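The chain contents come next:
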Amino acid sequence: MLQPDLWNVIPTQAERWAAVRDKVAATGLRNSLLIAIAPTSTIASIAGCYECIEPQVSNLFKRETLSGEFLQVNGALVCELKARGLWTPQVRDDIKRADGSVQGIGALPAETRELFRTAWELPQRALIDLATARAPYVDQSQSLNLFLANPSIGKLSSMYRYAWQSGLKSTYYLRSRPATRIQQATVAAGEDTDPAAIACALDNPEHCEACQ
Amino acid sequence: MTAVTVPSDQRRALLDPGMDLTLRPMRYPHFYDRFRDAIKNTWTVEEVDLHADLKDLARLSAAEQHLVSRLVAFFATGDTIVANNLVLNLYQHVNSPEGRLFLSRQLYEEAVHVQFYLTLLDTYVPGEQARFAAFAAVENIPSIKRKADFCFRWIDSIFSLRELRTAEDRRRFLLNLVCFAACIEGLFFYGAFAYVYFLRSRGLLNGLASGTNWVFRDESMHMAFAFDVIETIRSEEPDLFDDELAAQVREMLAEAVECEAQFAEDLLVQGVSGLSLTDMREYLQHVADRRLVQLGVPPLYGSGNPFAFMELQDVQELSNFFERRVSAYQVGVTGEVSFDDDF
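Residues numbered from 1 in each chain as written. Chains lettered and ligands numbered in written order. Predicted model: local features only at pLDDT ≥ 70, side-chain atom pairs only at ≥ 80, totals over all residues. Heavy atoms only, no water.

1. Points about the overall build of chain A
(1) Moving on: When helices and strands are counted, chain A shows nine helices and four strands.
(2) Moving on: The helix and strand sequence of chain A, counted from the amino end, reads α-α-α-β-β-α-α-α-α-β-α-β-α.
(3) Moving on: Scored against the burial criterion, the 212 residues of chain A give a buried share of 41%.
(4) Moving on: When contacts within chain A are restricted to residue pairs at least 6 apart in sequence, those whose partners lie at least 24 apart make up 57%. (Helix = DSSP H or I, 4+ residues; strand = E, 2+ residues; numbered from the N terminus. Buried < 20%, exposed > 50% of the residue type's maximum accessible area, 1.4 Å probe, protein only. Contact = heavy atoms within 4.5 Å.)

Laid out in structure tokens, this is it:
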């Protein structure tokens, strides 16, 4: 009985699995658990990539660590924008003002914006679905963080019930965003936008002036 | 003062004297939203670990220690002054119950800040006499006294006003509000913020920096609320905003920059490597320009931001829960349990 059997999954590469099963039957298995997906946040800091199996948390953010704070920019986005001739001071300021999101930046083509969605902008359902697809092959567990910028009890209960129904053993952190932020000091004056005012919050229509 | 109940169809202005009690219909729902957002920012002083800073303090050069001790002395009394003005002046004249809800919340936050800076003082400064001296700084240290005098002058400027009857009264109120939002919270505190961030960019005093992060998130809210109040008044009584008021605002900001620049001179007198007085002055001018633009007044200086380390405060943060106290979250999540919400 191996992990995929518990999930009633028939893996591809049947011959190789059969060979493994024969060997296990003949000699036994030294460890009871074989695979885990670790959070790897320190390693990610060092390697300059994103944690674990997570989508990028932002195209521009800082890591707060014991030894200080470090700015991290999404290198892939920079390459893409440079190739398109769009890596301009204006776009950089826009990204900063949008807290590392490129969704509202009209100068960028739609496919770029879609590709560089942040963890906050992706449907969490998709992250859970991906974790579920991996689960038959991960016998210990996976570090699955979920991201809700603006959690509500309704969203949380729906999300965690879906994760439970999908058969996931566990999830890890829930990350949320602060309700308001420190006013920025390094982007040009006069272009402050109140995030609460521009985010026409469909999930929060009673607080959106445009929706009232 | 007597309570006034006003029929909802009668158009009244925010600064009209009285004690409006009506929340439904709500005249200024945006004030109420800010109140609710502020509650999501709740934090407590106990969440900040300042003791880890002590070994950093011991490593600082004499010039840096001087800088930190002056900052601590400024912080010791700064928020109390703001809280006093809030109670003595702002609460009285912002005649909207939802606006007063925000101000009540702000008062609580100022109290938390006072507690934070008191804890900071008790942690950083071991001797009782030295602690007393920090509180006496507002009288004894000229660079701090000058800033405090500036604040007191504007508190006093409308202290005798019980009701804002005339346009002149209202302009005086506006100047007080601009002073506290743009000059004190928006410039003095932003100056202090830069020193803390400078130290943090070198990996020093992380405890102070985490607490400061929270304090400044709150201060940003206070400032945004005050600017919201000003914009509301502008939409209701555009005539108040004449050229003379604009000139007074520019003059006030210029004086605030001078106050803060002489404070910087005192802080950096022994020469802190990596933080020059010229850059600090330029930074203050840059911040002052931003405040002026936010107030719809032409900027004075046209200065840019010289501090690359300030970039770090403008982006979202990601902390490892095992290494640092995570400050990016919200509390007071509400709603009903449901299983078919979109997520």
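2. Concerning the packing of aromatic side chains
Residues and elements named next belong to chain B.
(1) Moving on: Inspection of the entire model under this criterion finds 24 aromatic pairs over all chains.
(2) Moving on: Each ring, one from Tyr190 and one from Phe193, has its centre 5.6 Å from the other, and the planes form 85 degrees; the classification is edge-to-face. Of this pair, Tyr190 and Phe193 both sit in helix 7 (residues 167–201), three residues apart, which is roughly one turn of that helix.
(3) Moving on: What makes Tyr190 buried here is its relative accessible area of 1%.
(4) Moving on: Looking at Phe193, the relative accessible area reads 0%, which means it is buried.
(5) Moving on: Each residue in the set Trp43, Phe74, Phe75, Phe116, Tyr117, Phe189, Trp214 and Phe263 is aromatic and connected to the rest through ring pairs, giving one cluster.
(6) Moving on: Above the face of the Tyr91 ring, Arg100 is positioned so that its terminal group lies 5.5 Å from the ring centre.
(7) Moving on: Just above the ring of Phe74 sits the side chain of Lys147; from NZ or CZ to the centre is 3.6 Å. (Phe/Tyr/Trp six-rings, centres within 6.5 Å; stacked < 30°, edge-to-face > 60°. Lys NZ or Arg CZ within 6 Å of the ring centre and 35° of its normal.)

3. Overview of unusual backbone geometry
(1) Moving on: Put simply, Arg24(B) and Pro25(B) share a cis peptide bond, and its omega is -5 degrees.
(2) Moving on: Even without being a glycine, Cys52(A) presents a positive backbone phi close to 55 degrees.
(3) Moving on: Structurally, Cys52(A) is set in the loop between helix 3 (41–47) and strand 1 (60–65).
(4) Moving on: Residue Cys52(A) is classed as partly exposed on the basis of its relative accessible area, which comes to 24%.

4. A look at the nonpolar core
Residue and element names in this part refer to chain B.
(1) Moving on: Counting 114 residues, the largest nonpolar core has Leu67 and Tyr124 as the members making the most contacts within it.
(2) Moving on: Examining the composition of this core, we find that 23 residues originate from one element, helix 7, more than from any other.
(3) Moving on: Each residue touching Tyr124, except ones within four places of it in the same chain, is listed here: Leu50, Asp53, Leu54, Leu57, Val68, Val72, Leu205 and Leu208. (Core = buried A, V, L, I, M, F, W, Y, C linked by side-chain atoms within 4.5 Å.)

5. Overview of the environment of Ser303(B)
All names here are of chain B.
(1) Moving on: Along the chain, the position of Ser303 falls in the loop between helix 10 (277–294) and strand 1 (316–319).
(2) Moving on: Given a relative accessible area of 15%, Ser303 falls into the buried group.
(3) Moving on: With 20 residues separating them along the chain, Ser303 and Tyr283 place their C-alpha atoms 7.4 Å apart.
(4) Moving on: Ser303 has contacts with Glu282, Gln285, His286 and Asp289, leaving out every residue within four places of it along the chain.

6. Considerations on the pairing of strand 1 of chain B
(1) Moving on: Covered by surrounding structure in strand 1 of chain B are Gln316(B) and Leu318(B) together with Glu317(B) and Ser319(B), the residues of both alternating faces.
(2) Moving on: In terms of strand pairing, strand 1 of chain A meets strand 1 of chain B through four bridges, oriented parallel. Within strand 1 of chain B, the position partnered with Lys62(A) by the bridge is Glu317(B). (Pairing = 2+ DSSP bridges.)

7. Some details on the interface of chain A and chain B
(1) Moving on: Facing the 60 residues of chain A at the interface are 55 residues of chain B.
(2) Moving on: Here chain A meets chain B over a buried area of about 5300 Å², counting both sides, of which 51% is carbon and sulfur.
(3) Moving on: For Lys96(A), the salt bridge identified is with Glu311(B), shortest N-O distance 2.6 Å.
(4) Moving on: Counting across the interface, chain A meets chain B through 25 residue pairs in polar contact (both at pLDDT 80 or more).
(5) Moving on: Of all elements in the fold, only helix 3, strand 1, strand 2 (68–73), helix 7 (124–134) and helix 8 (153–165) of chain A reach the threshold of two or more residues within the side of chain A that touches chain B.
(6) Moving on: A total of nine residues in the side of chain A that touches chain B trace back to one element, the largest contributor, which is helix 8 of chain A. (Buried area = accessible area lost by both parts, 1.4 Å probe. Salt bridge = Lys/Arg side-chain N within 4 Å of Asp/Glu carboxyl O. Polar contact = N/O pair within 3.5 Å; in protein donor to acceptor, adjacent residues only side chain to side chain.)

8. Things to note about helix 8 of chain A
Residues and elements named next belong to chain A.
(1) Moving on: With 13 residues, helix 8 ought to run about 18 Å at 1.5 Å a step, and its terminal C-alpha atoms sit 18 Å apart, in line with that.
(2) Moving on: Taken together, the buried positions of helix 8 are occupied by Gly154, Lys155, Leu156, Ser157, Ser158, Met159 and Ala163.
(3) Moving on: Packed against the buried residues of helix 8 are helix 7, strand 3 (146–147) and strand 4 (174–175).
(4) Moving on: Just downstream of helix 8 lies Gly167, where phi reads positive at about 95 degrees. (Expected span 1.5 Å × (residues − 1).)

9. Section: the pattern of salt bridges
All names here are of chain B.
(1) Moving on: Overall, the coordinates contain 26 salt bridges over all chains when judged by the stated rule.
(2) Moving on: Here Lys145 ties to Asp149 by a salt bridge, and the two come within 3.1 Å at their closest N and O atoms. Here Lys145 pairs with Asp149, and both are found in helix 6 (residues 142–159), just four residues apart, close to one helical turn.

10. Re the sheet that holds strand 2 of chain A
What links the strands of a sheet is backbone hydrogen bonding, and the strands pair in either a parallel or an antiparallel sense.
(1) Moving on: Overall, mixed pairing links the three strands, which are arranged 2(A)-1(A)-1(B) in an open sheet. Because the sheet does not close on itself, it has two edges, and the strands there are strand 2 of chain A together with strand 1 of chain B. The average undirected angle you get between the axes of adjacent strands in this sheet is 30 degrees. (Axes fitted to C-alpha atoms, helices over the stretch in contact; angles between N-to-C directions.)

11. Details of the confidence of the model for chain A
All names here are of chain A.
(1) Moving on: Averaged over every residue, the pLDDT of chain A is 86; the share at 70 or more is 88%.
(2) Moving on: Confidence scores differ between elements of chain A, with helix 9 (residues 195–198) showing the lowest mean pLDDT of 38 and helix 7 the highest of 97.
(3) Moving on: Long-range and interchain partners of residues 189–212, a stretch whose pLDDT sits below 50, account for 22 contacts in this model, where long-range means more than four residues apart. (pLDDT = per-residue confidence, 0-100.)

12. Here's the deal with the packing of helix 3 (residues 62–93) of chain B against helix 4 (residues 97–124) of chain B
All names here are of chain B.
(1) Moving on: In contact at an axis separation of 9 Å, helix 3 and helix 4 are set at 160 degrees when each is read in the N-to-C sense. By the angle class used here, helix 3 and helix 4 are roughly antiparallel. Considering the relative orientation of helix 3 and helix 4, their crossing is left-handed.
(2) Moving on: Taken together, the residues of the contact of helix 3 with helix 4 sort by class into 16 nonpolar, six polar and three charged. (Parallel < 35°, antiparallel > 145°, perpendicular 65-115°, else oblique. Left-handed = near helix turned anticlockwise from the far one by under 90°. Nonpolar A, V, L, I, M, F, W, Y, C, P; charged D, E, K, R; others polar.)

13. Focus: a nonpolar patch on the surface
All names here are of chain B.
(1) Moving on: A cluster of nonpolar side chains, Val87, Leu88, Leu107 and Phe159, forms an exposed patch at the surface whose accessible area comes to about 310 Å².
(2) Moving on: As for its position among the elements, Phe159 is in helix 6.
(3) Moving on: Accessibility expressed as a relative area gives 40% for Phe159, which makes it partly exposed. (Patch = residues over 30% accessible without salt bridge, like charges linked within 9 Å, V, L, I, M, F, W, Y side chains within 5 Å. Areas by Shrake-Rupley, 256 points an atom, 1.4 Å probe, with all protein chains shown as cover.)

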